[in-house]
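# Remarks on the overall topology
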Amino acid sequence: MMRSLRWGDAVVVALATALVTTSFALSYAPSAGSTHLVVTQAGMDPRHYPLNENRAIRLEGPAGVTEIEIQPGRARCLRSPGNQGICEAAGWLERPGDMAVSLPNRLVLQVRGARSDFDSMHY
Amino acid sequence: MIRFHPHSWLRVAAAALLLLLVAVTGCDRKPETDRLTFQAFGTLVDITLYPGGVHDLTRIESALSEDLEIMHSSWHAWEPSSLGRTNQLLAMGGEFSAPPSVLPLIEFAQELEGRTDGLFNPALGRLIAAWGFHQDEAAGPPPDAERLEALLANPPRMSDIERLGVRLRGHHPDLQLDFGGMGKGFAVARSLELLADLGVEHAIVNAGGDLMTRGRPGGRAWRIGVRDPLGKGVLASIELESDEALFTSGDYERGYEWEGERIHHVIDPRSGRPSRGLVAATVLHGDPALADAAATTLMIAGPEDWPLYARRLGVERALVVLPDGSVELTPEMVPRVEFRREIVRRIRAAEPGVGASVP
């Protein structure tokens, strides 16, 4: 037998809708401004740098100094040891997943965000 | 009609508490995957693990790193290693017991040399060394014409190694093995086995850009970005299922400039010089060792013959990049690749010289 909808039931429905929607949004929506540069160097903990202001970083490695330039929203390997210029050739790193590698200095620069386009990069 | 009922307050309170828990759970935003990046096997190793936040990352990195370093030191072509000792004994011509770490690679290389008409020939270590690639930073000068002629006059082949079970005997004084064109494939396969032993069900092992998958992340395919070998950014994306390997051989990997010419590490046994005509060759296959060796072979085979050698090696999915930036790929590779920019593409069947432009 069907009973009439009560006041409390209506509140439950409204609360459920609002909270589940909020929970879903918090879980899956990419958060603005969370993009950052992660520098991984062999034998050291990863270092995180926000991409929200101009910054110059010098990192010592086995083969010399790698210079990193950060500008709002992007970063690049400015100079790095090695005769092939592979690290510099990666250019500006802007999107989550973008990566530059310096094998002589054993480091990786990678932009990471709330959600990357790729699970891994093939090169 | 909506009517107030005293029991409704209790329901509201209970439901609010439950939903608050749901919301708080939603706020706990664990990463979908965990990433480990470390130096091993002479390159950068990048491990992707699914799901995030559940694995003992320290234990996994330690185990993989140690295992990869053992393989690297066993197969090193110019530092003291099991392979180095094998090379010395092969050149002496006597019979000896093969190191267990080296024997499977020799067997595999002998089989592939036969199927590729000698294009894939890891017995040419002396030639590779002559071009300056048996040192950490490759450097010239390249061999002059006289030296090159001497190296190519009677070059050693994998078939110059006689196998008697686990015993080996070399039949050429210049035999010098260099597994640079296939060792990484073996290492990636071994790393995935180790991850399985450690209880990891879903992962990617990426060693210097070459990779293989295991399992699937959350029921979807793995999303792989393919870096553009001629420029910056991403050339294409490829979705990989479980147990698929993606390996590339390219002229941009190891090399140096000499008198204005780019000298790269993929040496063509026919000319004795760096291969010409292709910038990169990519192979998608279930066997990472075969994918690695096949990518090297296709790179050497060049723009005319790469489809023929892909077929001989049982490779259905392959893609090559030409110096003008255009791309050729096998029909089976077409549905697996999504290009991220406008690009000239041609589908190449397994016969040489047969091509068709893709609109």
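### Details of the confidence of the model for chain A
All names here are of chain A. Considering every residue of chain A, the mean pLDDT works out to 79; 80% of them sit at 70 or more. At the low end of the mean pLDDT range in chain A sits helix H1 (residues 7-28), at 69; at the high end sits strand E4 (residues 64-71), at 94. This model gives residues 28-33 a pLDDT under 50, and the stretch forms four contacts once residues within four places in sequence are excluded.

### A few points about the environment of His285(B)
Residue and element names in this part refer to chain B. Turning to its location among the elements, His 285 is positioned in strand E13 (residues 280-285). Residue classification places His 285 among the buried positions, given that 25 C-beta atoms sit within 10 Å. For the pair His 285 and Leu 246, spaced 39 residues apart in sequence, the C-alpha to C-alpha distance is 6.7 Å. Once you skip the residues sitting within four places of it in the chain, His 285 turns out to touch Ala 245, Leu 290, Ala 291, Ala 294, Val 315 and Arg 317.

### Focus on the sheet that holds strand E8 (residues 222-227) of chain B
Read across the open sheet, the four strands follow the order E8(A)-E8(B)-E9(B)-E16(B); overall the sheet is mixed. Here the strands that pair on one side only, and so sit at the sheet edges, are strand E8 (120-122) of chain A together with strand E16 (337-339) of chain B. Here the average twist between neighbouring strands, direction ignored, is 30°. Sheet topology note: the E8(A)/E8(B) ladder contains three bridges and is parallel. By the bridge assignment for E8(B), Ser120(A) is matched with Ile224(B).

### What about the packing of helix H7 (residues 183-197) of chain B against helix H8 (residues 288-312) of chain B?
Residues and elements named next belong to chain B. Two elements in contact, H7 and H8, have axes whose closest approach is 7 Å; the angle formed by their N-to-C orientations is 160°. Taken as axis vectors, H7 and H8 run roughly antiparallel relative to one another. H7 and H8 meet at a crossing whose hand is right-handed. Here H7 contributes Lys 184, Gly 185, Phe 186, Val 188 and Ala 189 to the contact with H8, which in turn contributes Pro 288, Ala 289, Ala 291, Asp 292 and Ala 293. Looking at the contact of H7 with H8, its residues break down into seven nonpolar, one polar and two charged.

### So, the packing of helix H2 (residues 57-75) of chain B against H7(B)
Residue and element names in this part refer to chain B. At a minimum axis separation of 10 Å, H2 and H7 run at an interaxial angle of 150°. Between H2 and H7, the angle is such that the two are roughly antiparallel. Like other packed secondary-structure pairs, H2 and H7 cross with a definite hand, here right-handed. On the side of H2, the interface is formed by Ala 63, Leu 64, Asp 67, Leu 68, Met 71 and Trp 75, while H7 contributes Gly 183, Ala 187, Arg 190, Ser 191 and Leu 194.

### Focus: the sheet that holds strand E2 (residues 47-50) of chain A
Residue and element names in this part refer to chain A. Taken in spatial order, the four strands line up as E2-E1-E7-E6 in an open sheet, and their pairing is antiparallel. The open sheet has two edge strands with one neighbour each: E2 and strand E6 (99-102). Within this sheet the neighbouring strands show an average axis-to-axis angle of 15°, counted without direction. As defined by bridge partners, E6 adjoins strand E7 (residues 107-112) across four bridges and the pair is classed as antiparallel. Residue pairing for E7: Val 101 is matched across the bridge by Val 108.

### Re the pairing of strand E1 (residues 36-41) of chain A
Strand residues, when the strand is regular, have side chains that alternate between the two faces of the sheet. Residue and element names in this part refer to chain A. Two strands pair when backbone bridges link them, and E1 and E2 are joined in this way by four bridges, in the antiparallel orientation. Looking across to E2, one finds that Val 38 is bridged to His 48. In the sheet, E1 pairs with E7 via six bridges, with the strands oriented antiparallel. By the bridge assignment for E7, His 36 is matched with Arg 112.

### Observations regarding the confidence of the model for chain B
Residues and elements named next belong to chain B. When the pLDDT values of chain B are averaged, the result is 89; 88% of them are 70 or greater. Predicted confidence for residues 352-359 stays below pLDDT 50, and this span has 16 contacts to residues more than four positions away or in other chains. Both scores are available for the predicted complex, with the pTM at 0.80 and the ipTM at 0.84.

### Thoughts on the nonpolar core
Formed by 113 residues in total, the largest nonpolar core has its most connected members in Leu109(A), Ala281(B), Val283(B), Ala294(B), Leu298(B) and Ala318(B). Looking at this core, the element that brings in the most residues is H8(B), giving 13 residues.

Each value, and the rule that gives it
- For every chain, the first residue of its written sequence is number 1, and the numbers climb from 1 along that sequence.
- In the order they appear in the text, chains get letters beginning with A and ligands get numbers beginning with 1.
- Predicted model: local features are reported for residues with pLDDT of at least 70 only, side-chain atom pairs are reported and counted for 80 or more only, and whole-chain, interface and lining totals are derived from all residues.
- Every residue is assigned a pLDDT by the predictor, reflecting its confidence on a scale from 0 to 100.
- In this description a helix means any DSSP run of H or I spanning at least four residues, a strand means any run of E spanning at least two, and both kinds are numbered starting from the N terminus.
- Two residues qualify as being in contact provided that their C-beta atoms, derived from the backbone, are within 7 Å of each other.
- Working definition of burial: number of other C-beta atoms within 10 Å of the residue's own, with buried at 20 or more, exposed at 12 or fewer, and partly exposed in between, all C-beta atoms being placed from the backbone.
- Between any two strands, at least two bridges found by DSSP are needed for them to pair.
- To obtain an axis, a line is fitted to C-alpha atoms, over the contacting stretch when the element is a helix, and the angle between two such axes runs from 0 to 180 degrees between their N-to-C directions.
- To sort the angles, those under 35 degrees are grouped as roughly parallel, those over 145 as roughly antiparallel, those from 65 to 115 as roughly perpendicular, and the leftovers as oblique.
- For any pair of crossing helices, the crossing counts as left-handed if the nearer helix is rotated counterclockwise from the farther one by less than a right angle, and right-handed if it is rotated clockwise.
- Think of it as three bins: nonpolar holds Ala, Val, Leu, Ile, Met, Phe, Trp, Tyr, Cys and Pro, charged holds Asp, Glu, Lys and Arg, and polar takes everything else, Gly as well.
- In this description, a nonpolar core means buried residues of the types Ala, Val, Leu, Ile, Met, Phe, Trp, Tyr and Cys, linked to one another by C-beta atoms lying within 7 Å.

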